[in-house]
Amino acid sequence: MKTSDFNFDLPAELLAEHPSEHRDEARLMVLDRKTQTIEHKLFKDVVDYFDEDDLFIFNNTKVFPARLYGNKEKTGAKIEVFLLRELDKETRVWDVLVDPARKIRIGNKLFFTEDESLVAEVIDNTTSRGRTLRFLFDGSYEEFRSKLKELGETPLPKYIKRAVEPEDAERYQTIYAKVEGAVAAPTAGLHFSKHLMKRLEIKGINFAEVTLHVGLGTFNPIEVEDLSKHKMESEEIIIDEKNAAIINKAVDTHRRVCAVGTTTMRALETSVSSNKKISAFNGWTNKFIYPPHDFGVANSMITNFHTPKSTLIMMIAAFAGRDFVMHAYEEAVKEKYKFYSYGDAMLIL
């Protein structure tokens, strides 16, 4: 399989700038792998495809406001700092991306507040835009994190050209988000409302949770034509014993098991053993799923519509078959489905 096998024309106006008015009223395209048929529904209709004791598996990661704006020492130039991950809690060292990167060198200082209460010093270069920063702040660790949260902005994807709006803080977060650590939302989960969760519960459908802290590596363009040469950035996964047991029971009893989102699917496929059992897991994954791939746990999945040549569309193609998926995407463009983070959804059975 080559990267170019996953290219298609995506009109810019189909990239969703705003979420649907109600979470569960985005559009839903339903793909049936057995019959190779496509249906057009609303997201809330998802409940009709599942029965008692079927299982939904959610990624409960929580997005933190990872985008900060600082000013460079001396010149005062405005610099965007995107927090990627905390490297050392004690010394307050973080991996970040900076923009514009050409202006930021080792030794530079960035000021984030008028009173200079939060300052960062550049201590290393990691990639062309990547830097390692040491934050300087007088106060406890809790006060420091609270200050980052206060100054940070919801990290909407770059393709959204508008300014961040107050509703984004709530809408770019799943309603079941619990464990803070993601710099991007697990977007398939954004479609679940409290009302829809209640309807699923009343129908006797079970829920399990895993944690995969979504990093920006998920969205990194693939620079190589040969997929076997692409390297994914690592993301942190946590699956506890209790949730592993819920998942294994559903698999053992041959229920419909639905992975909500590509991040949930990556977590499951990282921790599944050769006998199709999920084990408790606490570690990192750089697993890249592309065709052909034998999936061990989920037999259905929910996902958003992804951009051409992305690692995400490749995973979907591995799950539903490349030709069927590319045909469905052609249909989605024709029917003007909305793409990407705030876009519409797809259910694959």
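Refer to the preceding data block for the structure.
Residues numbered from 1 in each chain as written. Predicted model: local features only at pLDDT ≥ 70, side-chain atom pairs only at ≥ 80, totals over all residues. Heavy atoms only, no water.

Describing empty space enclosed by the protein
Right, on to step 1. By the definition in use, this model includes 3 cavities of 30 Å³ or more.
Right, on to step 2. Reported here for the largest cavity is a volume of approximately 160 Å³.
Right, on to step 3. Around the largest cavity sit 17 residues that line it, and Ala185, Thr187, Thr262, His306 and Leu312 are the ones nearest its centre.
Right, on to step 4. Listed by contribution, the elements that provide at least two residues to the lining of the largest cavity are helix 5 (262–271) and strand 16 (300–304).
Right, on to step 5. When grouped by side-chain class, the residues that make up the lining of the largest cavity number 8 nonpolar, 9 polar and no charged. (1 Å grid on protein atoms, 1.4 Å probe; cavity = no way out; pocket = protein on both sides within 12 Å on 5 of 7 lines; lining within 4 Å. Points joined across faces, edges and corners; volume = space filled by probe spheres on them. Helix = DSSP H or I, 4+ residues; strand = E, 2+ residues; numbered from the N terminus. Nonpolar A, V, L, I, M, F, W, Y, C, P; charged D, E, K, R; others polar.)

Topic: the packing of aromatic side chains
Right, on to step 1. Per the stated rule, a full pass over the model turns up 22 aromatic pairs.
Right, on to step 2. The interplanar angle of 45 degrees and the centroid separation of 6.1 Å between the aromatic rings of Phe137 and Phe144 together place this pair among those described as tilted.
Right, on to step 3. Overall, the relative accessible area of 0% leaves Phe144 in the buried class.
Right, on to step 4. Consider the rings of Phe305 and Tyr337, whose centres lie 5.2 Å apart with planes at 50 degrees: the pair is tilted. Of the two residues, Phe305 sits in the loop between strand 16 and helix 6 (311–320) while Tyr337 sits in the loop between helix 7 (322–334) and strand 17 (345–348), which places them 32 residues apart along the sequence.
Right, on to step 5. Exposure remark for Phe305: the relative accessible area of 0% places this residue in the buried category.
Right, on to step 6. On the basis of relative accessible area, Tyr337 is assigned to the buried category, the value being 0%.
Right, on to step 7. Grouping aromatic residues by their ring pairs yields a cluster made of Phe43, Phe50, Phe56, Phe58, Tyr176, Phe192 and Phe207.
Right, on to step 8. Taking the ring centre of Phe319 as reference, the NZ or CZ of Arg33 above it sits at 4.0 Å.
Right, on to step 9. Looking at Arg145, its charged tip hangs above the ring of Phe64, at a distance of 5.9 Å from the centre. (Phe/Tyr/Trp six-rings, centres within 6.5 Å; stacked < 30°, edge-to-face > 60°. Buried < 20%, exposed > 50% of the residue type's maximum accessible area, 1.4 Å probe, protein only. Lys NZ or Arg CZ within 6 Å of the ring centre and 35° of its normal.)

Some words on the sheet that holds strand 14 (residues 257–260)
Right, on to step 1. Spatial strand order, 2-1-17-16-14-3-12-13-15: 9 strands in an open sheet with mixed pairing. The open sheet has two edge strands with one neighbour each: strand 2 (37–42) and strand 15 (281–285). Across the sheet, the mean angle from the axis of one strand to that of its neighbour is 25 degrees, orientation sign disregarded.
Right, on to step 2. Packed on one face of the sheet, helix 4 (residues 241–252) meets strand 3 (55–59), strand 12 (206–212), strand 13 (235–239) and strand 14 and runs near 130 degrees to strand 12. (Pairing = 2+ DSSP bridges. Axes fitted to C-alpha atoms, helices over the stretch in contact; angles between N-to-C directions. Contact = heavy atoms within 4.5 Å.)

Examining the packing of helix 6 against helix 7
Right, on to step 1. Direction vectors running N to C along helix 6 and helix 7 enclose 120 degrees, while the axes themselves pass 7 Å from each other. With respect to helix 7, the axis of helix 6 lies oblique. Of the residues in helix 7, those touching helix 6 at Ile313, Ile316, Ala317 and Ala320 are Arg322, Phe324, Val325, Met326 and Tyr329.
Right, on to step 2. By residue class, the composition of the contact of helix 6 with helix 7 is 8 nonpolar, no polar and 1 charged. (Parallel < 35°, antiparallel > 145°, perpendicular 65-115°, else oblique.)

Looking at the nonpolar core
Right, on to step 1. Ile247, Leu268, Phe339 and Met346 are the most contacted members of the largest nonpolar core, which has 64 residues in total.
Right, on to step 2. In terms of residue count, helix 6 provides more of this core than any other element does, 8 residues in total.
Right, on to step 3. Apart from the residues lying within four places of it in its own chain, the contact partners of Ile247 are Leu55, Ile57, Ala208, Val210, Leu268, Ile278 and Val297.
Right, on to step 4. If you look at the next biggest cluster of nonpolar residues, it comprises 26 residues, including Trp94, Leu97, Val122 and Val183. (Core = buried A, V, L, I, M, F, W, Y, C linked by side-chain atoms within 4.5 Å.)

By themselves these figures say nothing about function.
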